[in-house]
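So you can see what is in the structure, the chains are spelled out below.
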Amino acid sequence: MKALILGGKTGLLGQALAHVMKQKKWEVVCPDRNEIDLFNARQLDSFIQDNRIEFVFNTVAYTRVDQAEDEQESALQLNKNLPSVLGKVCRGRNIYLIHYSTDFVFDGKKNTPYTTEDTPLSQSTYGRTKLEGEKVLLSDPWDRLLVIRTAWLFGPFKTNFVDRIISMAREKDNLNVVHDQVGSPTYTLDLAKYSLKLVDKETSGLFHLANKGQATWCELASEVIRCAGLYCKTTPVPSAEYPHKAVRPSYSVLDCSKYCMITGCSPRSWIQSLRDYVYHYQQ
Ligand SMILES: NC(=O)c1ccc[n+]([C@@H]2O[C@H](COP(=O)([O-])OP(=O)(O)OC[C@H]3O[C@@H](n4cnc5c(N)ncnc54)[C@H](OP(=O)(O)O)[C@@H]3O)[C@@H](O)[C@H]2O)c1
């Protein structure tokens, strides 16, 4: 099976997908931004045809949440217009498109996990443009389209929250960490494996996919420090102490029951995955 992974050369999730898929003997093509003009539908179509691509995984996005408030056009271009181009090209050739989205499409006003049936209402440019990207695809779906919302990613190959906590905990004896945002920490290598299970089922539509459980950033940081065997205190602080340009949802835990129902598999807990990550990639 041959896949084009957009973001597969440098992205946090894209590289994890490439790693897992190579292990599973997929043939993967991971061009970087200089090798292919993603907004040129004709070039993209020829690339897919010339390389005999059967699956396209899109992890390319404008992911700088705060900067997006000042660069709305760039965010819209990557988060909405790119899925639109990909949709046209992949639908035209009946190529399987697996597109990733985010928990930030929700406003965070709920206090029970968000299902795929819940109405999204984003509070940030990042979330709004990602939601528009979803809508562009899901408004005209075909039977080989997956839109996967995920959350709070950590994993190898690109610096992320977990890495930053470990390096700060090595230097300091206390870290102040936000304790009023609750989400679903998710290990990229698990997400990659779980995504392939949906592809195996040849299913389509909108899914939530994250590791099991929930945490605040402070709880996640505490567990990271414990797993890494470091001695550093964490002090829970309100997000108001660290004002950001973009509003983040205070609660964005994802309900993955639709995924479990379709695949018959249940994601493992984020704590288990975090231990794996720290053990394999941080010692
Ligand atoms: N990270 C999270 O915690 C998180 C949470 C929820 C959902 N998600 C979603 O998961 C997906 C993957 O996120 P990620 O964290 O893996 O993203 P990432 O690490 O920021 O990677 C984004 C990728 O997009 C590429 N890219 C950016 N601008 C581009 C452009 N103009 N032209 C071509 N390529 C461009 C980047 O290439 P360069 O390296 O060349 O810039 C990089 O490979 C996204 O859809 C994101 O919305 C992520």
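For clarity, every value in this text was computed on a predicted model and none was experimentally measured.

Caption draft 1: Expanded view of the pairing of strand S3 (residues 55-58). Residues Phe55 and Phe57 line one face of S3 and the alternating positions Val56 and Asn58 line the opposite face, and both faces are buried. Sheet topology note: the strand S1 (residues 2-6)/S3 ladder contains four bridges and is parallel. Bridge assignment links isoleucine 5 to a residue of S3, and that residue is phenylalanine 57. Here S3 runs beside strand S4 (residues 96-102); their pairing, made up of four bridges, is parallel. Along S4, the bridge assignment pairs phenylalanine 57 with isoleucine 98. Crossover S3 to S4 through helix H3 (residues 72-93) is right-handed.

Caption draft 2: Layout of the nonpolar core. Met21, Trp26, Phe57, Ile98 and Leu274 are the most contacted members of the largest nonpolar core, which has 71 residues in total. Once residues lying within four places of it in the same chain are set aside, the contact partners of tryptophan 26 are Met1, Ala3, Met21, Phe55, Phe57, Leu196 and Val199. Judged by nonpolar contacts, the second largest core, of 23 residues, contains Leu44, Phe47, Leu86 and Leu206.

Caption draft 3: Expanded view of the sheet that holds S3. Read from one edge to the other, the open sheet built from six strands follows the order S2-S1-S3-S4-S5-S10, with strand pairing classed as parallel. For this open sheet the edge positions go to strand S2 (27-29) and strand S10 (205-208), each flanked by a neighbour on one side alone. Each strand of the sheet is rotated relative to its neighbour by a mean of 20 degrees, with strand direction disregarded. Here strand S5 (residues 145-150) runs beside S10; their pairing, made up of four bridges, is parallel. When the sheet's bridge partners are listed, arginine 149 is paired in S10 with histidine 208. Against the sheet, helix H4 (residues 125-138) contacts S4, S5 and S10, and its axis sits at roughly 155 degrees relative to S4.

Caption draft 4: Focus on the side chain of threonine 125. Here threonine 125 lies in helix H4. Within polar-contact distance, the side chain of threonine 125 engages the side chain of glutamine 72 at 3.4 Å.

Caption draft 5: Fine view of the packing of helix H5 (residues 161-171) against helix H7 (residues 217-227). Two elements in contact, H5 and H7, have axes whose closest approach is 9 Å; the angle formed by their N-to-C orientations is 60 degrees. Compared by their axis directions, H5 and H7 come out oblique. For H5 against H7, the interelement crossing comes out right-handed. Residues Phe161, Val162, Ile165, Ile166 and Ala169 of H5 touch H7, and the partners they reach there are Trp217, Leu220, Ala221, Val224 and Ile225. Within the contact of H5 with H7, the residues separate by chemical class into ten nonpolar, no polar and no charged.

Rules of the game
Numbers given for residues are sequential positions, taken from 1 along each chain in its written order. Owing to the predicted nature of the model, reporting of local features is limited to residues with pLDDT of at least 70; listing and counting of side-chain atom pairs is limited to 80 or more, with chain, interface and lining totals taken over all residues. Note that the side-chain values use all heavy atoms of the structure and ignore hydrogens as well as water. Burial classes follow relative accessibility: with a 1.4 Å probe on protein chains only, a residue under 20% of its type's maximum area counts as buried, one over 50% as exposed, and anything between as partly exposed. A helix here means a DSSP run of H or I that spans at least four residues, while a strand means a run of E at least two residues long, and both kinds are numbered starting from the N terminus. Any two strands with at least two DSSP-identified bridges between them are counted as paired. Look down the strands so they point away from you; if the path from the first strand over the helix to the second goes clockwise, the crossover is right-handed. Each nonpolar core is a collection of buried residues, namely Ala, Val, Leu, Ile, Met, Phe, Trp, Tyr and Cys, held together in the definition by side-chain atoms within 4.5 Å. Residue contacts are counted whenever heavy atoms from the two residues lie within 4.5 Å of one another. Only the stretch in contact is used when fitting a helix axis, every axis being a line fitted to C-alpha atoms; angles between N-to-C directions are given from 0 to 180 degrees. In protein, a polar contact requires one atom able to donate a hydrogen and another able to accept it; more generally it is a pair of N or O atoms within 3.5 Å, and residues adjacent in sequence count only if both atoms are side-chain atoms. When an angle is under 35 degrees it counts as roughly parallel; over 145 it counts as roughly antiparallel; between 65 and 115 it counts as roughly perpendicular; any other value is oblique. In a left-handed crossing the near helix is turned counterclockwise from the far helix by less than a right angle, and in a right-handed crossing that turn is clockwise. When residue character is reported, Ala, Val, Leu, Ile, Met, Phe, Trp, Tyr, Cys and Pro are called nonpolar, Asp, Glu, Lys and Arg charged, and the others, Gly included, polar.

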